[in-house]
Structures are given as structure tokens and as C-alpha cells.
Amino acid sequence: MATTTAATTTASARTKTPPRRRRHGTAGALFIAPFMVLFLLLFLAPLGYAAYLSLFQEKLIGGSSFVGLDNYVTALKDPLLIEGIGRVALFFAIQVPVMLFLALVFALALDSGMLRLSRVIRLGIFVPYAVPSVIATLMWGYLYGPDFGPFAQISHDLGLPAPDFLSDGWMLGSLANIVTWEFVGYNMIILYAALRTVPAELYEAAAMDGAGAWRIAWSIKLPALRPALTLTLLFSVIGSFQLFNEPNLLTKVAPDVIDSSYTANIYAYSVAFISQQTNYAATVSFILGLVIVIVSYAFLLTANRRRNS
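Keep in mind it's a predicted model, so treat the numbers as computed, not measured. Every residue gets a number counted from 1 within its own chain, in the order that chain's sequence is written. Where totals are concerned, whole chains, interfaces and linings use all residues; where local detail is concerned, this predicted model gives features only for residues with pLDDT of at least 70, and gives and counts side-chain atom pairs only at 80 or more. Hydrogens and waters are ignored; side-chain quantities use all the structure's heavy atoms.

Section: the environment of P34
Its place among the elements puts P34 in helix 2 (residues 19-53). Partly exposed describes any residue whose relative accessible area lies between the buried limit of under 20% and the exposed limit of over 50%, with all areas from a 1.4 Å probe on protein chains only and scaled to the type maximum. We classify P34 as partly exposed; its relative accessible area is 48%. Note: C-alpha distance between P34 and G124 (90 residues apart in sequence) is 36 Å. Each helix corresponds to a stretch of at least 4 residues labelled H or I by DSSP, and each strand to a stretch of at least 2 residues labelled E; elements are numbered beginning at the N terminus.

Some remarks on the nonpolar core
Membership of the largest hydrophobic core comes to 55 residues, with the highest contact counts inside it found for L81, F91, M171, M188, L191, L225 and F241. Of all the elements in the fold, those that place two or more residues in this core are helix 3 (70-76), helix 4 (79-112), helix 6 (133-144), helix 8 (171-196), helix 11 (226-241), helix 13 (264-273) and helix 14 (278-308). The biggest single contributor to this core is helix 8, with 13 residues. Residue contacts for L191: discarding those within four places in its chain leaves A103, L104, A107, L225, A228, L229 and T232. Membership of the second largest hydrophobic core comes to 5 residues, among which are V198, A206, I216 and I220. Put simply, buried Ala, Val, Leu, Ile, Met, Phe, Trp, Tyr and Cys residues joined by side-chain atoms within 4.5 Å make one nonpolar core. Whether two residues are in contact is decided by their heavy atoms: any pair within 4.5 Å suffices.

Re the pattern of salt bridges
We define a salt bridge as a side-chain nitrogen of Lys or Arg found within 4 Å of a carboxyl oxygen belonging to Asp or Glu. Scanning the model with the defined rule gives 3 salt bridges in all. Residues E83 and R87 are paired through a salt bridge, measuring 2.9 Å at the closest nitrogen-oxygen approach. Pair noted here: E83 and R87 are both in helix 4, with a separation of 4 residues, about one helical turn. Through salt bridges with shared partners, one network takes in D111, R196 and K221.

Some remarks on the confidence of the model for the protein chain
Residue-level pLDDT values for the protein chain average 86, and 91% of them are 70 or greater. Across the chain, each position has a pLDDT score giving the predictor's confidence in that residue, from 0 to 100. Mean pLDDT values over the elements of the protein chain span from 49, in helix 1 (residues 2-15), up to 94, in helix 8. Confidence over residues 6-11 falls short of pLDDT 50; this stretch has 0 contacts with residues more than four positions distant or in other chains.

Considerations on unusual backbone geometry
Its identity as a non-glycine residue notwithstanding, L117 has a phi of 55°, on the positive side. Tracing the sequence through the fold places L117 in the loop between helix 4 and helix 5 (118-130). One non-glycine residue, Q276, lies in positive phi territory at about 60°.

Structure (C-alpha cells):
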């Protein structure tokens, strides 16, 4: 009997959590509690409320009524929404390759060690990212001005027609130029940081084997940058389909080109705060989010397949 009791006591002592471990677990929970509370209140709760709103419809007679997925069926047939998504998809196809190519070139040039004043150059490339998008758009809107902008004044002085950067044919390229100017430095820093993690022994071994700078960049640096390029591409997908600030601000100087449905995000904003159709705006926002998720997943799936092949 005494033996059984002693064995039971020993087993209980072994399974009992040490006080120090319990304290560490409690401390960890307390540390992450503020984030979890904010994440719940500022992300999950609004998301759930928007999903709830998207299932209802405000009617003149009877007030708000449950309509299920009718709003989603309507949105999928909405030509304004489809056109806006198509426009940002074209923007993504034009702007993102140029931006990432420039960021890659700058990162490789800085990492090569052949540039003088590399710190100053790195800071100069990154500074536009520190400029708020509102200020950047206002600045470029002034530069684009067909009557008072410097490009127009130089053209007038040379007797040439002023380039209309804010016309329908030029607008998408003008927006791409603004966003590229803003985010090249941001993506360059990510790629440059990834290059700094490559062991120097690889470069030394390649140099001893007779590899030049171009061969090292192609065979060592670019493969090492694949995860970082995937990350920047993923960020670019999300940012491109959420395009809002730049075209919304340029509406004031080009109202005939940029309307209330120029991008999907502007369309959702206009439906919510101008047309006062909050239920339909929530539906448009969810469809836009679904498009972003699908495109992002497609890029990640493609990148993983290439990495494993």
C-alpha cells in the first residue's frame, strides 16, 4: 500500500508543471495579449461586420432586409467593378516589373561595392518611400500639369506641344511612374538586405574559380534573391489591387479621365460614402479581397513549383 502511494506521488510530481514554466507561460500570454486584443478589435471584428453587412440590402420600403448572396451576384455582373479590376490588373502588369527590375539593379549595384558614396546613394533611393503618398502625388500632379508644369513650360519654350501626362492614354503610365518612384527604394532595401545575408565565402570561391562579377550575380546572387523577390512581388500584388491614393488625388486635376470607378478601391469608396450603399460597398470590398487572395496564391504556388523543380 505504501509502495503504491509513493509511486502515485512520484507520478503526480513528474506530471505537475514546474512553477517557473507556469510563470513563463503566463508571461508569454500577457505579452501577446495587447496584440491579440487589437487584432480582434481592429481587424477581425470589422471584417466580420463587413461580411454581415454584405448579406443585407437597404430598401426604401421595409428597411434593411436579408438577401443572402444577391449582392455578390450583382457585383460579379457589375461592369464598373469589372472594369476597375481590369484596369488595376493592367497597372500591375505594367508597373510592377519595371519597379522590381529597378530595385534589383540598384540592390545589385550597391552590393557590388563598386559604387562610391554607396550610403548616400542608398539613402537617396530610399528617401521617396519616406514621402507620404499624398505629398508625392501632389508633387507629381504639379509636374504633370499641362499648363503650369515644368514639362509643359519647357515644351512651350522649345516650340513643341506640351505632353499631356494626365490624358486618358497617358494616365495609367503616369500613375505607374508615381508609384514606382515611391516604392523602388522600399523594395531595393528588402533585396539589398537579402544580398547581405549571402556568405562571403561563396563569392570568394567563385572568384577563385575564375567567375567574374556578372557570373557571380547571375549564378549566386539572383538565386539567393528568389525568396526576397517572391516577398516583394506579393507585397506588390496587394498594393496594386488596392490602388487608391494616387488616382483619387489626381481626380481633382483630371476629372474627365479618373471617375468614381477608375479603380476597384475607389469604386468601393464611392459606393459607400457618396452613394451611401454600405451593404453593396462591403460586397465590393470582399470581392476585391478575394481577387487579391487568388492572385497572391497563384504567384506563391508558381514560385514554390519553380523552386521545387
